[in-house]
Amino acid sequence: MNKYYPIMINIKNEKCLVVGGGNVAYRKINGLIEYGGKITIISREIIEKINPLIETMGEDIIYIEDDYKSEYIKNAFFVIAATNNSDVNLQIARDCAQKNILVNVVDDLESSKFIVPAKVKRGDLTITISTNGKCPFYSKLLREKLENQFDDSYSTFVNILGDFRKDLLLNIKSSSKRKDIMASIDVEYYFNRLKEIGEQETRKEMERFCFVTTDKD
């Protein structure tokens, strides 16, 4: 069994090739759209619900009505092999291996150079779940559990912390001092305050905390 290195990767404006036009391909395409990939679809046929994506995304999605050919992977950032033909998927994996292109083969973990974990996304907070390909069904169950646990307030709180850190970078020159301030934040306390008094008042409390902390020096 392969071991997969967890990574967050920027695919904005990168060529992402999806070979296949069924339900699995549809799910993969939606994920790529969410993160700004430039998508090329290769398939003789596509299911009906892919058509609106092609129509609304303009130049961000190119559909080529054809069987897979090795020349289609040229200049691809990565490839997803999502056909219902295992032999075709395996050939895609072999072609990608020859050209050092990352490939995900939906029905063959051993031929895949990357897999896509289940995820819970709340704004800029992303939590991923993976069983290293052993049991995707369990990943799905854990994702559903976490979706109930992490509501939209976590997205707001990430924004508050991000802006707080940005202010520290602008106003405090000492990196060690910045680290000390961030480490001293009672995250659980301020998250609860967010629920009690709202976003703006929580931001003000954190600003006052920063002033008090820096005044001690």
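Just above sits the structure.
First, a word on scope: everything that follows refers to the structure included in this document. (Residues numbered from 1 in each chain as written. Predicted model: local features only at pLDDT ≥ 70, side-chain atom pairs only at ≥ 80, totals over all residues. Heavy atoms only, no water.)

Think of two packed helices as two axes; the pair is described by the angle between the axes and how far apart they sit. One can describe the packing of helix H5 (residues 153-171) onto helix H7 (residues 187-197) by two numbers: an axis separation of 10 Å at closest approach and a directional angle of 120°. Considering the angle they form, H5 stands oblique to H7. Of the two possible hands of crossing, H5 and H7 adopt the one that is right-handed. In contact with Ser153, Tyr154, Thr156, Phe157 and Ile160 of H5, H7 contributes Val187, Tyr190, Phe191, Leu194 and Lys195. (Axes fitted to C-alpha atoms, helices over the stretch in contact; angles between N-to-C directions. Helix = DSSP H or I, 4+ residues; strand = E, 2+ residues; numbered from the N terminus. Parallel < 35°, antiparallel > 145°, perpendicular 65-115°, else oblique. Left-handed = near helix turned anticlockwise from the far one by under 90°. Contact = heavy atoms within 4.5 Å.)

Okay, helix H3 (residues 86-98) next. Taking 1.5 Å of rise per residue, 13 residues should cover 18 Å, and H3 covers 19 Å from first to last C-alpha, within 8% of that figure. The complete set of buried residues in H3 reads Asn89, Ile92, Ala93, Asp95 and Cys96. Down the axis, H3 shows its buried residues gathered within 165° of arc, on one side only. Residues Asp87 and Gln98 are exposed on H3 and point more than 90 degrees away from its buried face. Contact partners of the buried residues in H3: strand E1 (15-19), strand E4 (78-81) and strand E5 (102-105). (Expected span 1.5 Å × (residues − 1). Buried < 20%, exposed > 50% of the residue type's maximum accessible area, 1.4 Å probe, protein only. Arc of directions from axis to C-beta.)

This next bit is on the nonpolar core. Among the nonpolar cores identified, the biggest contains 17 residues, and Ile29, Leu32 and Ile41 are the most heavily contacted of them. Going through the elements one at a time, E1, helix H1 (23-34), strand E2 (38-42), helix H2 (51-57) and E4 are the ones with two or more residues in this core. Per element, the largest residue contribution to this core is three residues, and it comes from H1. The contact partners of Ile29, leaving out residues within four places of it in the chain, are Val18, Ile39, Ile41, Ile50, Leu53 and Ile61. (Core = buried A, V, L, I, M, F, W, Y, C linked by side-chain atoms within 4.5 Å.)

Here a ring pair, both rings aromatic, is described through the centre-centre distance and the interplanar angle of the planes. If you walk through the whole model with that rule in mind, you get seven aromatic pairs. Aromatic side chains Tyr154 and Phe191 sit 4.5 Å apart centroid to centroid with 35° between the ring planes, which places their arrangement in the tilted category. Taken together, the positions of Tyr154 in helix H5 and Phe191 in helix H7 put the pair 37 residues apart, joining distant regions of the chain. Judged by its relative accessible area of 11%, Phe191 falls in the buried class. (Phe/Tyr/Trp six-rings, centres within 6.5 Å; stacked < 30°, edge-to-face > 60°.)

In this section: the state of the cysteines. Summed over all chains, the structure comprises zero disulfides. Cys96 provides the cysteine sulfur closest to Cys16, a residue in no disulfide bond, and the two sulfurs are 12 Å apart. By relative accessible area, which is 0% here, Cys96 ends up buried. (Disulfide = S-S within 2.5 Å.)

Turning next to unusual backbone geometry. Phi is positive for Asn13, close to 65°, though the residue is something other than glycine. Inspection of the secondary structure assignment puts Asn13 in the segment before E1. Unlike most non-glycine residues, Asn132 shows phi in positive territory, near 60°. Residue placement: Asn132 occurs in the loop between strand E7 (125-129) and helix H4 (136-149).

As a general point, the strands of a sheet are linked pairwise by backbone hydrogen bonds and lie either parallel or antiparallel. Taken in spatial order, the five strands line up as E3-E2-E1-E4-E5 in an open sheet, and their pairing is parallel. In this open sheet, the two edge strands, each paired with only one partner strand, are strand E3 (61-64) and E5. Direction aside, neighbouring strands of the sheet carry axes that sit 15° apart on average. Here E4 runs beside E5; their pairing, made up of four bridges, is parallel. Directly across from Ile80, in E5, lies its bridge partner Asn104. Where H3 meets the sheet, it contacts E1, E4 and E5, and its direction lies at approximately 165° from that of E5. (Pairing = 2+ DSSP bridges.)

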